[in-house]
Amino acid sequence: MTGPHLISVGDNCLDAYLSRNQMAVGGNALNVAVQWRRRGLEARYFGVVGPDAEGDTILRAIAGAGLDPADCERRPGRTAVTLLQDRQGDRRFLLEDLGVGLHYMPDALRLAALQVADWVHLGTNAPQDLVRHLSARGAAFSVDVSTAHRALDLAGVPLVFASGPERADVPVLPLIEGFLAGGARQVVMTCGRRGAFFHDGQTLHAVAAQPVAVIDTCGAGDSFIAAFLADYCVAGLPAAKALARAAKAASETCAHEGGFPQPLAPIPTWLWQQYAGVIATAQE
């Protein structure tokens, strides 16, 4: 495979949909890598799982998506699990156990690979040390801060993704300007049904969300990120076109279950047992 060399780094998890007894593999960084691979791009995923059954499940999904599971480390600790209840595609989070993946810092070999990549994306909960490492070396990279707008020092970061308000009466420009004032060079703010906004350092661009019969919103923002990075940052498409293509990618993800197309398995007995206390409390 030839073409741009893209690496997504960070979170993965098992998404357990309790209300329908189904389980999917996801996580911002992993979803982005899978979406790149589905576009036929040279993509790698650097992350970590624990030495447990959950980790085995995620590694099988990574291989099934066409990524190399050897790029994903195994370290002592728990693999990340998210427990959700959903209704008509909207999710309610009961538990986000980030496990061994919390603030994942790649080893020296993987850090060296990031230096020569055409683009690197850092998923949610990226460690400050990794952000500083890439910034100091002039790497081409983005980071998704999700709703944790002040969790990281973003000085020198080429592109920041953040989640913003869905309500049309809540202005987004002050939020975006806050990131720019903090040193981010460019900012994308995704706002669910409202659409998305992109500030290139000089001009604010906007795109409306595309209408879709929603099955599951899980991973829609990750598909937006993957498409925008591939089209704007790597291929060099104009902002308006890249935003429109990213909105289309997000809408397509809302039309299927999970962050990327995959067979959803029943939640195994061992997972129900492991989180029995959390599940019982949520159902009271």
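As a reminder, the structure under discussion sits directly above these lines.
About the thresholds
- Residues numbered from 1 in each chain as written.
- Predicted model: local features only at pLDDT ≥ 70, side-chain atom pairs only at ≥ 80, totals over all residues.
- Heavy atoms only, no water.
- Core = buried A, V, L, I, M, F, W, Y, C linked by side-chain atoms within 4.5 Å.
- Buried < 20%, exposed > 50% of the residue type's maximum accessible area, 1.4 Å probe, protein only.
- Contact = heavy atoms within 4.5 Å.
- Salt bridge = Lys/Arg side-chain N within 4 Å of Asp/Glu carboxyl O.
- Helix = DSSP H or I, 4+ residues; strand = E, 2+ residues; numbered from the N terminus.
- 1 Å grid on protein atoms, 1.4 Å probe; cavity = no way out; pocket = protein on both sides within 12 Å on 5 of 7 lines; lining within 4 Å.
- Points joined across faces, edges and corners; volume = space filled by probe spheres on them.
- Nonpolar A, V, L, I, M, F, W, Y, C, P; charged D, E, K, R; others polar.
- Pairing = 2+ DSSP bridges.
- Axes fitted to C-alpha atoms, helices over the stretch in contact; angles between N-to-C directions.
- Phe/Tyr/Trp six-rings, centres within 6.5 Å; stacked < 30°, edge-to-face > 60°.
- Lys NZ or Arg CZ within 6 Å of the ring centre and 35° of its normal.
- Expected span 1.5 Å × (residues − 1).
- Bend = angle between axes of the 7 residues up to and from the residue.

## Section: the nonpolar core
For step 1, the next point in the chain: Judged by nonpolar contacts, the single largest core of 54 residues is most densely connected at Trp36, Leu83, Phe224, Phe228 and Leu271.
For step 2, the next point in the chain: If near-sequence neighbours (up to four positions away) are discounted, Leu271 is found in contact with Leu14, Ala16, Met23, Val81 and Leu83.

## Focus: the pattern of salt bridges
For step 1, the next point in the chain: Scanning the model with the defined rule gives 13 salt bridges in all.
For step 2, the next point in the chain: Measuring nitrogen to oxygen at the nearest pair gives 2.7 Å for the salt bridge that ties Asp231 to Arg39. Of this pair, Asp231 sits in helix H6 (residues 220–234) while Arg39 sits in the loop between helix H1 (28–38) and strand S4 (42–46); the two residues are 192 residues apart in sequence, bridging distant segments of the chain.
For step 3, the next point in the chain: The exposure class of Asp231 is buried, given its relative accessible area of 3%.
For step 4, the next point in the chain: When its relative accessible area of 38% is taken as the criterion, Arg39 is described as partly exposed.
For step 5, the next point in the chain: Where Glu252 meets Lys248, a salt bridge forms, and the shortest distance between an N and an O atom there is 2.4 Å.

## Structural notes on the environment of Cys72
For step 1, the next point in the chain: When you line up the elements, Cys72 lands in the loop between helix H2 (53–64) and strand S6 (73–74).
For step 2, the next point in the chain: On the basis of relative accessibility, which here comes to 6%, the residue Cys72 falls in the buried class.
For step 3, the next point in the chain: When neighbours within four sequence positions are excluded, Cys72 is seen to be in contact with Asn12, Tyr45, Gly47, Val48, Val49, Leu59, Ile62 and Arg110.

## Observations concerning empty space enclosed by the protein
For step 1, the next point in the chain: With the rule as written, the count across this model stands at one cavity of 30 Å³ or more.
For step 2, the next point in the chain: Here the largest cavity is characterised by a volume of approximately 100 Å³.
For step 3, the next point in the chain: Taken together, 16 residues form the lining of the largest cavity, with Gly10, Asp11, Gly101, Thr124 and Asn125 sitting closest to its centre.
For step 4, the next point in the chain: Grouping the constituent residues of the lining of the largest cavity by class yields eight nonpolar, seven polar and one charged.

## With respect to the sheet that holds strand S12 (residues 187–190)
For step 1, the next point in the chain: The eight strands are arranged S4-S1-S9-S10-S11-S12-S13-S14 in an open sheet whose pairing can be described as mixed. Each edge of the open sheet is held by one strand with a lone partner, namely S4 and strand S14 (204–207). On average, each strand axis in the sheet is tilted by 15 degrees relative to the strand beside it, whichever way the strands run.
For step 2, the next point in the chain: Alignment of strand S10 (residues 141–146) against strand S11 (residues 159–163), held across four bridges, turns out to be parallel. Residue Val143 lies in a different strand from S11, and its bridge partner there is Val160.
For step 3, the next point in the chain: Running over the sheet, helix H5 (residues 173–181) touches S10, S11, S12, strand S13 (196–199) and S14 and is turned about 145 degrees from S12.

## Details of helix H4 (residues 128–136)
What sets the pattern is the α-helix's 3.6 residues per turn: residues three or four places apart point alike.
For step 1, the next point in the chain: Within the span of H4, buried status applies to Gln128, Leu130, Val131, His133 and Leu134.
For step 2, the next point in the chain: Each element contacted by the buried residues of H4 is listed here: strand S1 (5–9), helix H3 (108–115), strand S9 (119–122) and S10.
For step 3, the next point in the chain: Just downstream of H4 lies Gly138, where phi reads positive at about 70 degrees.

## Notes on the packing of aromatic side chains
The description of an aromatic ring pair rests on the distance of the ring centres and on the angle between the ring planes.
For step 1, the next point in the chain: What the rule picks out here adds up to five aromatic pairs.
For step 2, the next point in the chain: Arranged with centres 6.5 Å apart and planes meeting at 15 degrees, the rings of Phe224 and Phe228 form a pair that is stacked. Of this pair, Phe224 and Phe228 both sit in helix H6, separated by four residues, roughly a single helical turn.
For step 3, the next point in the chain: Classification of Phe224 as buried rests on a relative accessible area of 5%.
For step 4, the next point in the chain: Taking the relative accessible area as the measure of exposure, Phe228 reaches 0% and is therefore buried.
For step 5, the next point in the chain: With a centroid separation of 5.0 Å and an interplanar angle of 15 degrees, the aromatic rings of Phe228 and Tyr232 are classed as stacked. With a gap of four residues between them, Phe228 and Tyr232 both fall in helix H6, about one helical turn apart.
For step 6, the next point in the chain: Looking at Arg20, its charged tip hangs above the ring of Tyr17, at a distance of 4.2 Å from the centre.

## Brief notes about H6
For step 1, the next point in the chain: Here H6 is 15 residues long and its end C-alpha atoms lie 20 Å apart, about the 21 Å a rise of 1.5 Å per residue gives.
For step 2, the next point in the chain: Most pronounced at Phe228, the bend in H6 amounts to some 25 degrees.
For step 3, the next point in the chain: In terms of residue burial, H6 counts as a mostly covered element, since eleven of its 15 residues are buried.
For step 4, the next point in the chain: If you check which residues of H6 are buried, you get Ala220, Asp222, Ser223, Phe224, Ile225, Ala226, Ala227, Phe228, Leu229, Ala230 and Asp231.
For step 5, the next point in the chain: Just downstream of H6 lies Gly236, where phi reads positive at about 80 degrees.

## A look at unusual backbone geometry
For step 1, the next point in the chain: At Asn21, a residue that is not glycine, the phi angle is positive and equals roughly 50 degrees.
For step 2, the next point in the chain: Along the chain, Asn21 falls in the loop between strand S2 (13–17) and strand S3 (22–26).
For step 3, the next point in the chain: The phi torsion at Ser146 lies on the positive side, around 55 degrees, for a residue other than glycine.
For step 4, the next point in the chain: On the secondary structure map, Ser146 appears in strand S10.

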